Amino acid sequence: MTWLCNRGHIASARDLAAMGVSRRAVGGAVAEGRLIRCRRGTYACAHIDTHEGIAAAVGGRIDCVSALARHENVWTGPLARELHLRVDPRFHADATAGAVLHWRVAHGESGQPLEVAPIDALLQAMTCLSRYDALAAVESAVHLGYLGETDLGRLTKLAPQRMRVILKRLDVRSQSGLETFTRLQLQDAGHRVECQVPIPGAGVLDLLVDDCVGIETDGEKWHANRFHADRTKDVLIEAWGIRVLRIGRPHIFDEWPTTLAAIERMVAESAPRLRAQLRGFS
Ligand SMILES: [Zn+2]
Ligand SMILES: [Zn+2]
């Protein structure tokens, strides 16, 4: 059934007939477990995953945070336990327990029969997620190439009203959801934050706060094997006289007041020293 895999693991009875597969052959494949009858007139390969199987049974597509979660490192906010599915409002869909159904018309062309296009997943996530989570999702999607530049323009135009203010703070240089949250929370505390600042000889600093303190954000997945490389980067940044703090998920979400206090103390100590250094250059 390779041709079925190539077309996204799913076919209608009509498609199967057009390919010359007789009803009898379909029945035989179903009986042998090589083909799954998802719903009336819809068949799939036996290896579709659980979410795809539910989407096919409902007559919908994987949507919203569930679609984002299928693309590694795209921000999904607090991991939704339920499956979010898109169903076309023009057609009948079978309700299913445990899935959240979004009845919306699509704006994008999805290459996947069982998953909505990136622009649609992100548009819906803008309704289901908090505004900060939604912005982090958009920024990580652009960084990872899940959402293209052209679609980003369309997305911001189509965005729901509640996202308008936060989208003014969009920074596509952000490289991860953790970085986005740290930037937003620092800006909310009144700090000036620059993203992805090149430091000669050291690499690119994730965030520079008030022109004087560096922040590096570590995702669990990325940094397990990077212990020494990360420390070397910190040493090289510090060698430029820029204090640098390396933080991870708990420091950003669970212990933010303490993290902010530490950063603000570093800023208070670094700013006068850097100003004095700059006076020395002039
Ligand atoms: Zn397949
Ligand atoms: Zn949703």
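The rules behind the values
One numbering rule holds for all chains: residues counted from 1, following each sequence as written. Going through the entries in the order they are written, you letter the chains from A and number the ligands from 1. Residues qualify for local features only when their pLDDT is at least 70, as the model is predicted, and side-chain atom pairs are given and counted only at 80 or more; totals for whole chains, interfaces and linings, by contrast, use all residues. In this text, helices come from DSSP runs of H or I with a minimum length of four residues, and strands from runs of E with a minimum of two, each type numbered from the N-terminal end. When we talk radius of gyration, it's over C-alpha atoms, and the globule rule is simply 2.2 Å times the number of residues to the 0.38. For every residue, the other C-beta atoms within 10 Å of its own C-beta are counted; 20 or more classify it as buried, 12 or fewer as exposed, and values in between as partly exposed. C-beta atoms are placed from the backbone. Note that contacts rest on C-beta atoms placed from the backbone: two residues are in contact if these are within 7 Å. Note that domain bounds follow an automatic or database assignment of domains. Helix span, expected: 1.5 Å multiplied by one less than the number of residues in the helix. Connectivity within a nonpolar core runs through C-beta atoms within 7 Å, and the core itself is a set of buried Ala, Val, Leu, Ile, Met, Phe, Trp, Tyr and Cys residues. Note on definitions: angles span 0 to 180 degrees between N-to-C directions of axes, and those axes are lines fitted to C-alpha atoms, for helices only across the stretch in contact. Roughly parallel covers angles under 35 degrees, roughly antiparallel covers those over 145, roughly perpendicular covers 65 to 115, and oblique covers all other angles. In a left-handed crossing the near helix is turned counterclockwise from the far helix by less than a right angle, and in a right-handed crossing that turn is clockwise. The classification used treats Ala, Val, Leu, Ile, Met, Phe, Trp, Tyr, Cys and Pro as nonpolar, Asp, Glu, Lys and Arg as charged, and all other residues, Gly among them, as polar. When DSSP finds at least two bridges between two strands, those strands are taken to pair.

**Student:** Give me the overall build of the protein chain: which residues, what numbers.
**Tutor:** When helices and strands are tallied, the protein chain shows 14 helices and 10 strands. Taking 19 Å as the expected radius of gyration for a compact globule of 282 residues, we find that the protein chain reaches 24 Å, considerably beyond that expectation. Projecting the C-alpha coordinates of the protein chain onto the three principal axes gives extents of approximately 85 × 40 × 30 Å. Among the 282 residues that make up the protein chain, the fraction classed as buried is 35%. A separation of at least 24 residues holds for 58% of the contacts in the protein chain among residues at least 6 apart in sequence.

**Student:** I'd like a description of the domain arrangement of the protein chain, backed by residues and values.
**Tutor:** If you check the domain split of the protein chain, you get domain 1 (1-48), domain 2 (60-169) and domain 3 (177-281). Put simply, the middle of domain 1 and the middle of domain 3, counted by C-alpha atoms, are 54 Å apart.

**Student:** So what about helix α12 (residues 227-239)? Which residues, and what values?
**Tutor:** Taking 1.5 Å per residue as the helical rise, α12 with its 13 residues ought to reach 18 Å, and the 19 Å between its terminal C-alpha atoms agrees with that figure. Note on α12: the residue one or two positions beyond its end, G241, has a positive phi of about 85°.

**Student:** Residue-level account of the nonpolar core, with values.
**Tutor:** Counting 63 residues, the largest nonpolar core has L122, A125, A134, A137, V138, A141 and V209 as the members making the most contacts within it. The biggest single contributor to this core is helix α7 (residues 131-143), with 7 residues. Apart from residues lying up to four places away in sequence, A134 is in contact with A125, M126, L129 and M163.

**Student:** Mind laying out the packing of helix α6 (residues 118-128) against helix α8 (residues 149-158), listing which residues take part and the relevant values?
**Tutor:** For the pair α6 and α8, the least separation of the axes is 10 Å and the interaxial angle reads 30°. Classified by the angle between their axes, α6 and α8 sit roughly parallel to one another. Crossing geometry of α6 relative to α8 is assigned as right-handed. Side by side, α6 and α8 meet where P118, I119, L122 and L123 of the first sit next to D151, R154, L155 and L158 of the second. The residue makeup of the contact of α6 with α8, split by class, is 6 nonpolar, no polar and 2 charged.

**Student:** Tell me about the pairing of strand β2 (residues 35-39), and name the residues and values.
**Tutor:** Inspection of the sheet shows β2 paired to strand β3 (residues 42-45) by 4 bridges, in the antiparallel sense. Looking at the pairing, R39 lines up with T42 of β3. Here β2 hands over to β3 after 2 residues, with G41 in that stretch at a positive phi of 75°.

**Student:** Before we move on, could you go through the sheet that holds strand β9 (residues 213-218) and cite the residues and values that matter?
**Tutor:** An order of β7-β8-β9-β10 is seen for the 4 strands of this open sheet, with the pairing classed as mixed. Of all strands in the sheet, those with a lone pairing partner are β7 (193-199) and β10 (243-248), marking the two edges. Direction aside, neighbouring strands of the sheet carry axes that sit 40° apart on average. Relative to β10, β9 runs parallel, the two sharing 6 bridges. In the strand pairing of β10, G214 is matched with V244.

**Student:** Requested: an account of unusual backbone geometry, with residues and values cited.
**Tutor:** The backbone of C64 shows a phi angle near 60°, a positive value even though the residue is not glycine. For C64, the position within the fold is in helix α5 (residues 64-68). Accessibility expressed as a C-beta count within 10 Å gives 29 for C64, which makes it buried. The phi angle at D210 is positive, at roughly 50°, despite the residue not being glycine. Topologically, D210 is positioned in the loop between β8 (203-209) and β9. The exposure class of D210 is partly exposed, given the 19 C-beta atoms found within 10 Å.

**Student:** Could you give me a rundown of the sheet that holds strand β1 (residues 10-12), with the residues and numbers involved?
**Tutor:** The strands that make up a sheet are held in pairs by hydrogen bonds between backbone atoms, and each pair lies either parallel or antiparallel. Ordered in space as β1-β3-β2, the 3 strands form an open sheet in which the pairing is antiparallel. Whereas interior strands pair on both sides, the edge strands pair on one side only; in this sheet they are β1 and β2. Between one strand axis and the next, the sheet turns by 30° as a mean value, whatever way the strands run. In this sheet, β3 lies alongside β1 in antiparallel orientation, the contact comprising 3 bridges. Bridge assignment links S12 to a residue of β3, and that residue is T42. Packed on one face of the sheet, helix α4 (residues 50-58) meets β1, β2 and β3 and runs near 50° to β2.

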